Amino acid sequence: MLLSSARFAAIRYLASHAAPFLLSQANDRRIALLTQVLERMARTEHHKAQLRYLRKLIGDRHPAVGLARRVLSLHPNARRAVVNSLGVNATWLGDAERNAFAAAHGVNPPFLIVISPTTRCNLRCLGCYAGEYPREADPLSFEVLDRIVSEGKEMGVYLYTISGGEPFLRPDLLDLYDKHRDCVFLVYTNGTCIDDKTVVRLQGCGNVAPGISLEGWEEQTDFRRGKGVYRKVMETMDALREAGILFGFSATATRLNAQVYYDEAFYEHMIEKGCLFGWFFIFVPVGKESSTDLMITPSQRDKLRQVVYRVRQTKPIFVADFWDDGCLTGGCMSGGSLYLHVNYRGDLEPCVFMHFADDNILDIYERGGHLWDVLDTPLFRRIREVNRRDPNPLRPCPIIDHNEWLEEALRGTNAQPTHPGAEDIVGRLAPQVRSWAAEYAKLADYAWYHSGQYEWAQRKGDPLWNHKGSQQASSGGR
Ligand code: SF4
């Protein structure tokens with residue numbers, strides 16, 4: 001249901017004035033009071049249920065409330081961005097705006113847009129897919145990036161992930177973040193290029209959340225990223241924490257380092273350093289000479305899923321696994337179901353790990369089109385037809401869990417690989433990936449259907465988990 005413009009204005013006013021006041025003292029009573037006020041304003045049952053759930057967590061003294069308290073101790077600019085840009089714009093009002101856009105244009109906008117504005121990087125990490133693209137001057141100018149974000153906002157998208165290469169090698173991106181303070185930018189970075197001046201700019205914006213890459217402890221990080229990188233990252237985390245900036249870690253799990261992430265001490269350390277969130281990625285063999293040797297084993301993946309779940313339940317940090325938390329997103333997010341990727345050249349990829357495209361944003365602009373035109377290309381439509389077929393959201397991925405669906409989706413399109421060797425994932429590597437997936441399927445099906453761990457996510461009709469966004473996406477995303 002769409003919000004009236006008066007209600008839009010009231011929520012924006014509340015967010016920009018009343019919420020910072022209510023939250024100026026980080027105590028549970030004030031957070032609970034704010035949830036009550038917001039619940040009265042919320043129009044959808046889904047959003048009301050989220051607020052009631054948050055109030056219940058406060059009553060239960062759940063560790064997640066400790067996370068909310070940590071958010072409220074950030075610099076006021078960061079706090080404002082979390083409430084206004086992430087909570088109100090990206091989630092609530094954005095939801096209504098996306099519905100309005102879908103009604104007017106006949107395509108559902110995504111929730112999030114990932115942009116890789118550069119492939120340049122000061123490091124040379126082993127197996128990094130960004131290394132597959134030429135390290136040339138950046139084809140996407142500030143003006144193009146600005147237009148992408150502006151058009152995203154027209155669709156109701158206020159959440160952007162900036163990936164790379166190393167985004168902090170482009171100082172003009174700080175101007176982009178500053179210009180769009182009504183949005184939140186999660187910036188994946190190796191953490192070695194954030195100097196004191198950059199920290200001051202980030203503190204001034206408040207709406208930028210660096211996600212700093214680690215491979216575990218010093219030994220694993222320096223092995224893959226280079227000597228001295230871990231120490232530099234720790235210094236960067238200290239500076240960001242001191243400045244009250246929202247940030248977290250980003251970790252790639254491989255067969256060699258997965259066991260590091262089973263250790264609770266790792267999360268304690270990240271919390272101590274100031275991380276408020278942590279994203280896990282599984283190594284996916286999408287590079288030119290890639291092999292499946294570095295992929296975590298099915299049992300390592302199963303274990304990581306359980307650890308991430310437990311940490312989220314017990315510690316004041318939000319950790320998520322890009323593959324194994326499909327129950328939080330309704331399944332795979334690719335193809336515009338919930339997100340899309342604009343690579344450094346402007347190629348429009350359904351996912352950062354799906355290196356195929358059948359259109360390019362620069363070409364679209366040249367033709368007089370708009371960013372949302374990509375949602376209707378054959379590639380994006382075909383991906384949305386296959387990406388949510390599996391009712392088990394613990395194995396959602398058309399690349400690694402249902403590799404044959406990716407092959408099937410590509411077959412009906414003119415999509416081209418976006419770098420040499422990208423096609424290997426559905427060719428040379430397909431037999432290994434598929435037998436790996438068959439092994440993992442046994443573990444994931446047990447976890448989803450028989451373990452009882454996900455009973456909360458399977459409750460039919462519960463407005464907290466059965467958000468219409470995932471239903472739309474599962475029906476093809478139109
Ligand atoms: S294609 Fe795979 S990696 Fe990409 S969003 Fe879907 S589940 Fe995630």
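On a predicted model such as this, the values are computed, not experimentally measured, just so you know.

**Considering the overall build of the chain**
- A count of helices and strands for the chain gives 19 helices and 11 strands.
- Of all 478 residues assigned to the chain, the portion counted as buried reaches 61%.
- Counting contacts in the chain only where the partners sit at least 6 residues apart, residues at least 24 apart contribute 73% of the total.
- Of the accessible surface of the chain, which amounts to about 18900 Å², a share of 54% is contributed by carbon and sulfur atoms.

**Points about helix α15 (residues 378–386)**
- Considered for burial, the residues of α15 that qualify are Leu379, Phe380, Ile383, Arg384 and Val386. Angularly, the buried residues of α15 cover 165° about the axis, an arc narrow enough to put them on a single face.

**A look at the pattern of salt bridges**
- Under the defined criterion, the tally for this structure stands at 39 salt bridges.
- We note a salt bridge from Asp445 to Arg395, for which the minimum N-O separation is 3.2 Å. Here the residue Asp445 occupies a position in helix α17 (residues 430–450), and Arg395 occupies one in the loop between α15 and α16 (403–411), the gap between them amounting to 50 residues.
- For Arg395, a relative accessible area of 15% corresponds to the buried category.
- The shortest N-O distance in the salt bridge between Arg428 and Asp424 comes to 3.0 Å.
- Connected via shared salt-bridge partners are Glu39, Glu45, Arg52 and Arg55.

**What about the nonpolar core?**
- Counting residues in hydrophobic clusters, the biggest one holds 119 residues, and the most contacted among them are Met237, Phe249 and Ile399.
- Residues lining this core come from more than one domain, with at least three contributed by each of domain 1 (5–105) and domain 2 (106–478).
- Ignoring anything within four residues of it in the chain, the contact list for Met237 reads Ile212, Leu214, Phe247, Phe249, Met270, Lys273 and Cys275.
- Counting 10 residues, the second largest nonpolar core, distinct from the first, contains Cys327, Tyr440, Tyr454 and Trp456.

**Re the sheet that holds strand β2 (residues 159–162)**
- Pairing is mixed in the open sheet, where nine strands are placed in the order β7-β6-β5-β4-β3-β2-β1-β8-β9. For this open sheet the edge positions go to β7 (318–321) and β9 (348–349), each flanked by a neighbour on one side alone.
- Here strand β1 (residues 112–115) runs beside strand β8 (residues 339–342); their pairing, made up of four bridges, is parallel. Each bridged residue has a counterpart across the sheet, and for Ile113 the counterpart in β8 is Leu340.

**Regarding the pairing of strand β4 (residues 208–214)**
- Most of β4 sits out of view: seven of its seven residues are buried.
- Of the two faces of β4, the one holding Val208, Pro210, Ile212 and Leu214 and the one holding Ala209, Gly211 and Ser213 are both buried throughout.
- In this sheet, β4 lies alongside strand β3 (residues 184–189) in parallel orientation, the contact comprising five bridges. Looking at β4, one finds that Tyr188 is bridged to Gly211.
- In this region the chain leaves β3, passes through helix α8 (residues 196–205) and returns to the parallel neighbour β4; the handedness of that crossover is right-handed.
- Taken together, the four bridges between β4 and strand β5 (residues 248–253) define a ladder with parallel strand orientation. Note on β5: the bridge partner recorded for Gly211 is Gly248.

**Overview of the environment of Gln416**
- With respect to the secondary-structure elements, Gln416 resides in strand β11 (residues 416–417).
- Considering only alpha carbons, one finds Gln416 and His355, 61 residues apart in sequence, at a separation of 8.4 Å.
- Discounting residues that sit within four places of it in the chain, Gln416 has contacts with His355, Phe356 and Ala357.
- Of note is the side chain of Gln416, whose polar atom sits 3.3 Å from the backbone oxygen of Asn414.

Conventions used here
Residues numbered from 1 in each chain as written. Predicted model: local features only at pLDDT ≥ 70, side-chain atom pairs only at ≥ 80, totals over all residues. Heavy atoms only, no water. Helix = DSSP H or I, 4+ residues; strand = E, 2+ residues; numbered from the N terminus. Buried < 20%, exposed > 50% of the residue type's maximum accessible area, 1.4 Å probe, protein only. Contact = heavy atoms within 4.5 Å. Areas by Shrake-Rupley, 256 points an atom, 1.4 Å probe, with all protein chains shown as cover. Arc of directions from axis to C-beta. Salt bridge = Lys/Arg side-chain N within 4 Å of Asp/Glu carboxyl O. Core = buried A, V, L, I, M, F, W, Y, C linked by side-chain atoms within 4.5 Å. Domains from an automatic or database assignment. Pairing = 2+ DSSP bridges. Right-handed = clockwise from strand over helix to strand, strands pointing away. Polar contact = N/O pair within 3.5 Å; in protein donor to acceptor, adjacent residues only side chain to side chain.

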